[in-house]
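# What the coordinates show
Chain by chain, the residues:
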Amino acid sequence: MFTGIIESIGNIGSIIRHNEDLSIVVNTNNLDISDVNIGDSIATNGVCLTVSNLLPSGFTADLSLETYKRTTFHSYRIGQEVNLEKAMLPTTRLGGHLVSGHVDGVGEVIEFKRNGRAINIWIMVPTQLKKYLSKKGSITIDGISLTINAIYQNVIKLTIVPHTLANTNIVNIDVNKKVNIEIDMMARYLEKLINVDRYESEKSSTVSTDLLERYGFIS
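Small disclaimer: the values here were computed from a predicted structure and weren't measured.

Each value, and the rule that gives it
Residues numbered from 1 in each chain as written. Predicted model: local features only at pLDDT ≥ 70, side-chain atom pairs only at ≥ 80, totals over all residues. Heavy atoms only, no water. Helix = DSSP H or I, 4+ residues; strand = E, 2+ residues; numbered from the N terminus. Buried < 20%, exposed > 50% of the residue type's maximum accessible area, 1.4 Å probe, protein only. Contact = heavy atoms within 4.5 Å. Areas by Shrake-Rupley, 256 points an atom, 1.4 Å probe, with all protein chains shown as cover. Lys, Arg positive; Asp, Glu negative; His and termini not counted. Charge placed at Lys NZ, Arg CZ, Asp CG, Glu CD. Domains from an automatic or database assignment. Buried area = accessible area lost by both parts, 1.4 Å probe. Salt bridge = Lys/Arg side-chain N within 4 Å of Asp/Glu carboxyl O. Polar contact = N/O pair within 3.5 Å; in protein donor to acceptor, adjacent residues only side chain to side chain. Pairing = 2+ DSSP bridges. Axes fitted to C-alpha atoms, helices over the stretch in contact; angles between N-to-C directions. 1 Å grid on protein atoms, 1.4 Å probe; cavity = no way out; pocket = protein on both sides within 12 Å on 5 of 7 lines; lining within 4 Å. Points joined across faces, edges and corners; volume = space filled by probe spheres on them.

When helices and strands are tallied, the protein chain shows five helices and 12 strands. Reported as C-alpha extents along the three principal axes, the dimensions of the protein chain are approximately 65 × 45 × 35 Å. In the protein chain, which comprises 219 residues, the share counted as buried stands at 40%. By sequence separation, contacts in the protein chain at least 24 residues apart represent 66% of the contacts at least 6 residues apart. For the protein chain, the accessible area works out to roughly 12300 Å², and carbon and sulfur atoms hold 52% of it. If you average the places of the 21 positive and of the 23 negative side-chain charges in the protein chain, the two averages end up 9 Å apart.

Next comes the structure, spelled out in structure tokens:
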């Protein structure tokens, strides 16, 4: 679990391709990883990655085919800058919002404009995610916890303050850039609760009687 408050900007040191997936080496730069162990999680541009090996200047992580296809990682190259955040502790200040590191879709920057020392950014969100968006609600963009200032259909407006510009890779934003999006997890679970009867009906209609008998659900 994460907060969406970026701790450091790292970069992709190498990409090792396997048959159906790949491994990457992430250079963590000034991120303190002295308290990180193999098996710990580090959000990398909003994607929860499990540390498979620790290196003097970073870590190695494996990417499944699902992660590769669902996120912007399929377009990354060596040297790509990535936002980094270590998993939160029970004592961590929740400065952003609860972030799982499970990307829901890929968005696209369609416009950005300077607004004093800040930047306004408009991002087109996948249509299937627009029902989870709310004005002044939270959203995660490349691992950054941000507030939605306005919504028009499936386009959201975000304001990036100077501190965020100085401490994340969003300073390199450009039109047509693809970004990882994670919706507010409360919205995701709320939908499940509201539609639980429909989900249960769909589930029970696809389970065979033999399977239910085998596991003792019916006799």
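That shown, we press on.
What follows concerns the domain arrangement of the protein chain. Interface size is often expressed as the accessible area that is lost when the parts come together. Considered domain by domain, the protein chain is made up of domain 1 (6-84) and domain 2 (103-186). Put simply, the middle of domain 1 and the middle of domain 2, counted by C-alpha atoms, are 22 Å apart. Listed as interface residues are 12 residues of domain 1 and, on the opposing side, 14 residues of domain 2. Across the domain 1/domain 2 interface, buried area totals approximately 1100 Å², and carbon plus sulfur atoms make up 48% of it. At the boundary of domain 1 and domain 2, one finds zero salt bridges. Our count for the domain 1 to domain 2 interface comes out at seven residue pairs in polar contact (both at pLDDT 80 or more). The element best represented in the side of domain 1 that touches domain 2 is strand β6 (residues 81-86), accounting for three residues.

On to the environment of I12. Relative to the elements of secondary structure, I12 occurs in strand β1 (residues 8-17). Those residues in contact with I12, other than ones at most four positions away along the chain, are I24, V25, V26, F73, R77, I78, G79, Q80 and V82.

Read once around its circumference, the closed barrel built from six strands follows the order β1-β2-β5-β4-β3-β6, with strand pairing classed as antiparallel. Neighbour-to-neighbour, the strand axes of this sheet turn through a mean angle of 45°, independent of strand direction.

The subject of this paragraph is empty space enclosed by the protein. Inspection of every chain in the model, using the stated rule, returns one cavity of 30 Å³ or more. Estimated volume of the largest cavity: approximately 50 Å³. Lining the largest cavity are I12, I15, R17, L22, I24, Y68, F73 and Y76. Elements supplying a minimum of two residues to the lining of the largest cavity: β1 and β2 (22-27).

Attention now goes to the pairing of β6. Among the six residues in β6, five count as buried, and that is most of the element. In this structure, β1 lies alongside β6, joined through four bridges in antiparallel fashion. In the strand pairing of β6, I9 is matched with N83. Relative to β6, strand β3 (residues 41-44) is paired through three bridges, and the arrangement is antiparallel. Within the sheet, the bridge partner assigned to I42 lies in β6 and is K86.

Another point: the sheet that holds strand β9 (residues 138-141). Taken in spatial order, the six strands of this closed barrel run β7-β8-β11-β10-β9-β12, and their pairing is antiparallel. On average, adjacent strands in this sheet sit at an angle of 45° to one another, irrespective of strand direction. Note that strand β7 (residues 105-115) and strand β12 (residues 178-183) share four bridges and pair antiparallel. For E108, the partnering residue across the bridge sits in β12 and is K178.

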